[in-house]
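Now for the letters of each chain:
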Amino acid sequence: MIGGGIVGFSTAYHLAQKGWTDIALVEQGPLFEAGGSTSHAPGLVFQTNGSRTICELAQQTVKLYSSLSLGGQPCFHSVGSMEVAITPQRLEDLKRRHGWATSWGLPSELITPAEAKRRLPLLDDRKILGAYAVPSDGLAKAVRACEAMARSVSGPLTWHARTTVTGFEIASGKLVAIVTDRGRIETNLAILCGGIWGPRVAKLAGVRVPLMPVQHQYVRTSRVKELTGETREVVHPILCNQDRAMYFRQHADCYGVGSYQHEPLLVESEKIRKHEESAMPPASMPFTPEHFVKPWQDACELLPPLRATETREKFNGMFSFTPDGLPVLGESHVGGLWIAEAVWVTHGGGVGKVMAEWLVDGAPSLDLRECDINRFDPHATSPSYVRARGAQQYREVYDVIHPLQQMEQPRPLRTSPFYIRQKELGATFFEGRGWERPQWFASNEKLVTSVMRSKRSGWAAQNWSPIAAAEHLATRDRVAMFDMTPLVRLEVTGRDALTLLQSLSTNQLAKPVGSVVYACFCDARGGVKSDVTITRLAEDHFQVGCNGLPDLAWIRAHIASGADVQVRDITPGTCCVGVWGPRARDLVQPLSADDFSNGGFRYFTARRVHIGEVPVMAQRVSYVGELGWEMYTTSDYGMRLWDLLWRSGQPLGVIAAGRAAFESLRIEKGYRLWGVDMYTDHDPYESGLGFTVKLDKGEFIGRAALAKPRQSRKLCCLTIDDGTVLMGKEPVFAQDRVVGYVTSATYGFAVDRSIAYAYVPVELAREGSIVEVEYFNKRHRATVASDPLYDPKGSKLRN
Ligand code: FAD
C-alpha cells in the first residue's frame, strides 16, 4: 500500500480481513496523522448521491466507521445531516435527492424549516424553504479510523512512516519492485492510494492518473455563546447549504465552516510541498482571506450566533477532483500496479472493501463502472483537460445538475465526418466522451405538433425538445439517418481471436463469416460487464461494438500469453451511419449493386459492400427496432457516404435524427442500455438478456455463476398510468414498501405511453401488476406491461 490516508488503511484492513498476511503500508509522512487530506478533513459524511455505486460505498463506509473505535473513542458520530434549501430550485432538487436515497435503500426525510430549527437551534429558519435530512449521516473521525483499522490487523499489516516511494521497477509491463528512500520492496502488487500526490507517484511508473488537487477553505470559529459548556465533540446534525456551496459542523463549543464558493485554486501535483519544507502539513496551503469574505457573511446569515465569533484555525486544504468528479479505481496498464485515488473520507471504507474484493475474489461485489480507471478516453488524461474539468467539478460540487446538463469547455473535442452537414441541418450537439453528438435537428422543427409539445413537463422537459418526438415518429413512419460514429468499435484479429472472444462472451460465436452475434461479457460473479455486438468479418477477424474503453482493457487483460491476437480500437479513423425505418431498403438499394433484399441480406448478418463508390461494412442490425443497416467506413469517405444516403433519401422523406429520438426509440422497443439498465450488479437473466447465455457452448467467464441464476428481481417494462414522463432512478413502491428503482424512462411516441423500465421483485414482474413510482415526492400509479411494447414479434426488423 502506498499512502497512509483513509484509502490506504481501509484497503489494507479489508485485505487483511480477507486473509492476506503480508501487507506493508508505506507513508512518506508521520503516522497516523500523515499530513495528507485525511489528516485535516473535518469528516462530514453525506451519503446521498445520484450514483447508486457512490451512495452504496458511503453506506458501507458508515457501517465500517461505526464499528470501529480506538481507546474507547468512536470513529463515527451518527448525528444525522440536514441539507437546506434557500431557493425554490433547490427545494425541488431536495425532492430528487430524497428519491435517489429511497431508491438506493438509504432512509431520508424532507422536513419543514421549523423542524430543521428544532434539530439545529442555531439555524435561522426564516432563511430556508425546507430541508432534506438523513438520520444515519454524521461525522467520521478519519485519522482515528486509520489507526483503529491498522491496529486491529497489526499482524498481517506492517506500516512504515517516513518512507517515500521514489520509483518502480517494471519488467515486461509488470511490476517487480517498489523503490523507496529507505530501500526496495520486492512485490508484484502495489496499490497506490497517494491522494493528491497520486499523479506524481503514478508518473514514476508511466501511468497517468487524471486528477487535479484543488484548494478548499475550512475555518474554525471561536466559542459560540449558545454552546457554552458543551464538551461533547458533536451533537448537532451536520449541515449543508448547497445554494451557497457551504457546509457546517459543530466542534464541541465551536463551529466549523467549509466553503467551495471561491473560484477553483488549482495546485499541480508536482508542486505540492514536501513535509520537511514547511511546518504546515503538506496538503494544506496558506489561508486566502479574500476568498472567505462572502462565505462568512453567508454563514452568519444562516447561523446568526456565528456573528459573535471570530474565525480561527483557518486553512486552505487540498484534495482531488477528477474530470467527472468520481474516483479512479482499478489496475493500471502496468500489471500489478493498482490505483485507488480521488476518494472522499465518505467513501473510504467502502472503497477499501471493494478494492479488497476485487484483488482477492477477482471481482468487486459492487458495480464500479463509474470509477473504472479505464473509462478515460485519451484526451481525458491530458493536463489541460484534467485542469479544466477538475476546476469545473470543484465549481459544481454542490450545484443542481440536470442529468443532461452539458459541459461547456473544452469543446468541440471530437467530431465525426458528418459534423459539417449536421451543423447545416441545425443540430443541437450534446457531448459524450468528447464527441459532439447531435441530440436533435432544427431542420425537423416543422414536423412538430402540439401533442408532441404537451408530453413532457418540469425536469423531464429540460434539455429536451419536442423535435425529438417528431424524429421518433419519422423513423417509425419513413426513414432516418443516425450518426453512430461515437459507438466504440474494436477490431480483434489473429489465429486465436475466436478463442479469446469465446472465453469472454455468453453467446456462441463459432458462426460462419458474416454472422453478427449479440452477447454479454460477464464478470466472475455473472454480472453484466458489458453488452457487445460481435461481427465475424473473416475466420480470424472480428469487429466488436461495445460500450467503451473498459471493454478494450477487459479483452486485452484476458489474452493468454503467447496467443496470436491483436486488439485495437478502430473508432477513431472510422465512422458509422445508421439508416433505419420502413423505407431504409428503398433508400439504400438504389445506391448499391449489392443485394439488400430480405433474402439477400438477412437480419443479423454483415458484409462488405459498396454504397456508390464508398467501401462500406454494412450490418443489418437496429437499436431502434426498425429495418435498416449500420454502415461503417473510414472517416475519409464519411462525408461522401452521408451525402449519397441523404440524396437518395430525399424522395422518401428522410430526416437526420438525433440521440434524443434514438433513446426513446430504443426504450419503446425494450432494448437495454448498458450502464443504465444493467451492469455488474445484475446478471443477464435479471436484466432480460438471458437469451444471450449459452451455457452449453463451453467455458467462459461467469459461466459457473450463471449456471445458478439470481432469481429475486427482474427488469420489467412499466407504463405510467397518468402519462407523467420520468427521468430514471426513481423508487418503485408496492403497498408502501420500496421494491425497486427505475432505470430508463421516456415517452414512447409510437405506442403513446409514458414508459419506464424498473427492477422489481419477480413476484411483481407479471403483466398487469400495479406499483407506484415516486417522482419529485409524488406517487404515480404504474402498471407492469408487456416487454417490449413496440413490435414485440420483431417483424419490422425481419422483413
Ligand atoms: P490522503 O489522506 O492524502 O493520503 C495519501 C497519503 O499518501 C498521504 O498521507 C501522503 O503523504 C502519502 N504519499 C503520497 N506520496 C507518497 C509517496 N511517494 N510515498 C509514500 N507515501 C506517499 N471528505 C469527506 O468525505 N468529508 C469531508 O468533510 C471532507 N472535508 C474536507 C475538507 C478539506 C479541507 C479537505 C482538504 C478535504 C476534505 N475531504 C472531505 C476530502 C478527503 O479529505 C479526501 O478525499 C480523503 O482524505 C483522501 O484520502 P486519501 O487516503 O486518498 O488521501
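Residues numbered from 1 in each chain as written. Predicted model: local features only at pLDDT ≥ 70, side-chain atom pairs only at ≥ 80, totals over all residues. Heavy atoms only, no water.

1. Looking at the overall build of the protein
To keep it simple, the criterion reads: Under the scheme used here, helices are H or I runs from DSSP no shorter than 4 residues and strands are E runs no shorter than 2 residues, and both carry numbers assigned from the N terminus. Burial here depends on accessible area, computed with a 1.4 Å probe over protein chains only, as a share of the maximum for the residue type. Under 20% is buried, over 50% is exposed, and the range in between is partly exposed. Contacts between residues were defined by any pair of non-hydrogen atoms, one from each residue, lying within 4.5 Å. Surface accessibility follows the Shrake-Rupley procedure with a 1.4 Å probe radius. Residue values consider only the protein chains on display as shielding. Charged residues are defined here as Lys and Arg on the positive side and Asp and Glu on the negative side; His and the ends of the chain fall outside this count. Charge positions come from single atoms, namely NZ of Lys, CZ of Arg, CG of Asp or CD of Glu.
Scanning the protein from N- to C-terminus turns up 20 helices and 42 strands. For the protein, the spread of C-alpha atoms along the three principal axes comes to 85 × 60 × 50 Å. Expressed as a percentage of the 799 residues in the protein, the buried residues total 60%. Of the contacts formed within the protein by residues at least 6 apart in sequence, a portion of 71% connects residues at least 24 apart. Just so you have it, the protein exposes about 30300 Å², and 50% of that area is on carbon and sulfur atoms. Put simply, the protein has 90 plus and 86 minus side-chain charges, and the middle of one group is 1 Å from the middle of the other.

2. A few points about the site of the ligand
The condition is simple: Consider each residue's heavy atoms; a residue with any of them within 4 Å of a molecule or strand counts as near. In the analysis that follows, any N or O atom pair within 3.5 Å is treated as a polar contact, provided that within protein one partner can donate a hydrogen and the other can accept it, and provided that, for residues neighboring in sequence, both atoms belong to side chains. Polarity classes work like this: nonpolar for Ala, Val, Leu, Ile, Met, Phe, Trp, Tyr, Cys and Pro, charged for Asp, Glu, Lys and Arg, and polar for all others, with Gly in that last group.
Of all residues adjacent to the ligand, which total 35 residues, the nearest are Glu27, Thr38, Leu44, Val343 and Thr346. Between an oxygen atom of the ligand and a main-chain N or O atom of Ser37, the distance comes to 2.9 Å. Here an oxygen atom of the ligand sits 2.8 Å away from a polar atom, N or O, in the main chain of Val343. When the free accessible area of the ligand is taken as 1000 Å², the share hidden by the protein chains comes to 98%. Elements with a minimum of two residues in the shell around the ligand: helix H1 (6-17), helix H2 (37-40), strand E21 (311-321) and helix H9 (345-361). Among the residues making up the shell around the ligand, the classes are represented as 18 nonpolar, 16 polar and 1 charged.

3. Concerning the nonpolar core
Heads up, the rule is: Here, nonpolar core means buried Ala, Val, Leu, Ile, Met, Phe, Trp, Tyr and Cys residues that are tied together by side-chain atoms lying within 4.5 Å of each other.
In this structure, Ile6, Tyr65, Leu68, Ile191 and Leu329 are the most contacted members of the largest nonpolar core, which totals 47 residues. Counting residues per element, the ones that place at least two in this core are H1, strand E1 (23-26), helix H3 (52-67), helix H6 (142-152), strand E23 (337-341) and H9. Every residue in contact with Ile6, bar those within four places of it in the chain, is listed here: Thr38, Tyr65, Ala142, Ala145, Cys146, Met149, Val345 and Gly348. By size, the runner-up hydrophobic cluster in this structure holds 35 residues, among which are Phe430, Val739, Ala758 and Phe776.

4. Observations regarding the packing of H1 against H9
Each packed pair of helices is defined by two parameters, the angle between the axes and the distance between the axes. What counts here: Helix axes use the C-alpha atoms of the stretch in contact, all axes being lines fitted to C-alpha atoms, and the angles between their N-to-C directions lie in the range 0 to 180 degrees. When describing relative orientation, an angle under 35 degrees is termed roughly parallel and one over 145 degrees roughly antiparallel, while 65 to 115 degrees is termed roughly perpendicular and anything else oblique. Left-handed describes a crossing whose near helix is turned anticlockwise from the far helix through less than a right angle; right-handed describes the clockwise counterpart.
Across the interface, H1 lies against H9 with an axial gap of 8 Å and an inter-helix angle of 40°. What the angle tells us is that H1 and H9 run oblique. For H1 against H9, the interelement crossing comes out right-handed. Each of Ile6, Val7, Ser10, Thr11, His14 and Leu15 in H1 lies in contact with H9, whose residues at this interface are Val345, Gly348, Gly349, Val351, Gly352, Lys353, Met355, Ala356, Leu359 and Val360.

5. Regarding the environment of Leu706
Position of Leu706 relative to the elements: it lies in helix H19 (residues 703-706). Classification of Leu706 by relative accessible area gives buried; the value is 1%. The spacing of Leu706 and Val386 is 320 residues in sequence and 39 Å in space, taken between C-alpha atoms.

6. Overview of the sheet that holds strand E31 (residues 566-569)
Strands pair in a sheet through their backbones, by hydrogen bonds, and they do so in one of two ways: parallel or antiparallel. To be explicit about the condition: Strand pairing is assigned whenever DSSP detects at least two bridges linking the two strands.
Spatially, E28-E29-E30-E27-E31 is the arrangement adopted by the 5 strands of the open sheet, whose pairing is antiparallel. Edge positions in the sheet fall to strand E28 (516-522) and E31, since each has one partner strand and no second. For this sheet, the mean angle separating the axes of adjacent strands, direction not counted, is 25°. The pairing of strand E27 (residues 488-493) with E31 spans 4 bridges and is antiparallel. If you follow Thr493 over to E31, its bridge partner there is Gln566.

7. A word on the domain arrangement of the protein
Put simply, the rule reads: Domain boundaries shown here were taken from an automatic or database domain assignment.
Each assigned domain of the protein is listed here: domain 1 (6-321), domain 2 (412-487 + 573-669), domain 3 (489-570) and domain 4 (706-798). Computed over C-alpha atoms, the centres of domain 1 and domain 2 are 46 Å apart.

8. Here's the deal with the environment of Arg312
Structurally, Arg312 can be placed in strand E21. Here Arg312 falls in the partly exposed class, since its relative accessible area comes to 43%. With residues near it in sequence (within four places) discarded, Arg312 still touches Val219, Arg220, Thr221 and Ser222.

9. Quick look at the sheet that holds strand E38 (residues 731-734)
If you walk around this closed barrel you meet the 6 strands as E37-E40-E39-E38-E41-E42, and the pairing is antiparallel. The average angle at which neighbouring strand axes cross in this sheet is 45°, direction not considered. Bridge analysis of strand E37 (residues 713-720) against strand E40 (residues 753-761) gives 7 bridges, and the strand direction is antiparallel. Considered in E40, the bridge of Cys716 is made with Ala758.

10. Notes on H3
An α-helical turn contains 3.6 residues, so any two residues separated by three or four positions project in the same direction. How we decide: Expected helix span is given by 1.5 Å per residue-to-residue step, counting one fewer step than there are residues.
The end-to-end C-alpha distance of H3, which contains 16 residues, comes to 23 Å, matching closely the 22 Å that a straight helix rising 1.5 Å per residue would cover. For H3, every residue scored as buried is listed here: Thr53, Ile54, Cys55, Leu57, Ala58, Gln59, Gln60, Thr61, Val62, Leu64 and Tyr65. Next to the buried residues of H3 lie H1, strand E2 (44-45), strand E5 (76-77), strand E9 (138-140), H6 and H9.

11. Topic: H6
With respect to burial, H6 is a largely interior element, 8 of its 11 residues being buried. For H6, the full list of buried residues reads Ala142, Val143, Ala145, Cys146, Glu147, Ala148, Met149 and Ala150.

12. Some words on the packing of H3 against H9
Where H3 contacts H9, the axes come no closer than 6 Å and their chain directions differ by 90°. Our classification of the angle between H3 and H9 gives roughly perpendicular. Contacts between H3 and H9 involve Ile54, Leu57, Ala58, Gln60, Thr61, Leu64 and Tyr65 from the first element and Val345, Thr346, His347, Gly348, Gly349, Gly350, Val351, Lys353 and Val354 from the second. Class assignment of the residues belonging to the contact of H3 with H9 gives a composition of 8 nonpolar, 7 polar and 1 charged.

13. A short note on unusual backbone geometry
Looking along the chain, the bond that leaves Leu31 and enters Phe32 is cis, with omega of 15°. Here Phe32 lies in the loop between E1 and H2. Here the residue pair Asp787 and Pro788 is connected by a cis peptide bond, since its omega of 0° sits within 30 degrees of zero. The backbone of Phe776 shows a phi angle near 50°, a positive value even though the residue is not glycine. Tracing the chain through its elements places Phe776 in the loop between strand E41 (770-775) and strand E42 (778-784). Phe776 gets classed as buried once you look at its relative accessible area, which sits at 15%.

14. Quick word on the side chain of Asp677
Secondary-structure assignment places Asp677 in the loop between helix H18 (659-668) and H19. Given a relative accessible area of 1%, Asp677 falls into the buried group. The residues touching Asp677, leaving out its near neighbours within four places in the chain, are Arg666, Tyr671, Arg672, His682, Ser687, Leu715, Thr743, Ser744, Tyr757 and Tyr759.

15. Considerations on the packing of aromatic side chains
Note the threshold: For Phe, Tyr and Trp, where Trp contributes only its six-membered ring, two rings pair if their centres lie within 6.5 Å, and the inter-plane angle classes them as stacked under 30 degrees, edge-to-face over 60, or tilted in between.
Applying the stated criterion to the full structure yields 34 aromatic pairs. Measuring from ring centre to ring centre gives 5.2 Å for Phe319 and Trp344, while their planes differ by 85°; the resulting arrangement is edge-to-face. Of this pair, Phe319 sits in strand E21 while Trp344 is found in the loop between E23 and H9, placing the two residues 25 residues apart along the sequence. Overall, Phe319 belongs to the buried group, its relative accessible area being 16%. Ring centres of Tyr741 and Tyr759 lie 5.9 Å apart, and the angle between their planes is 45°; this geometry places the pair in the tilted category. With a gap of 18 residues between them, Tyr741 in strand E39 (residues 737-748) and Tyr759 in strand E40 connect regions that are remote in the sequence. Comparing Tyr741 with Tyr759 shows no difference in burial state: the two are buried.

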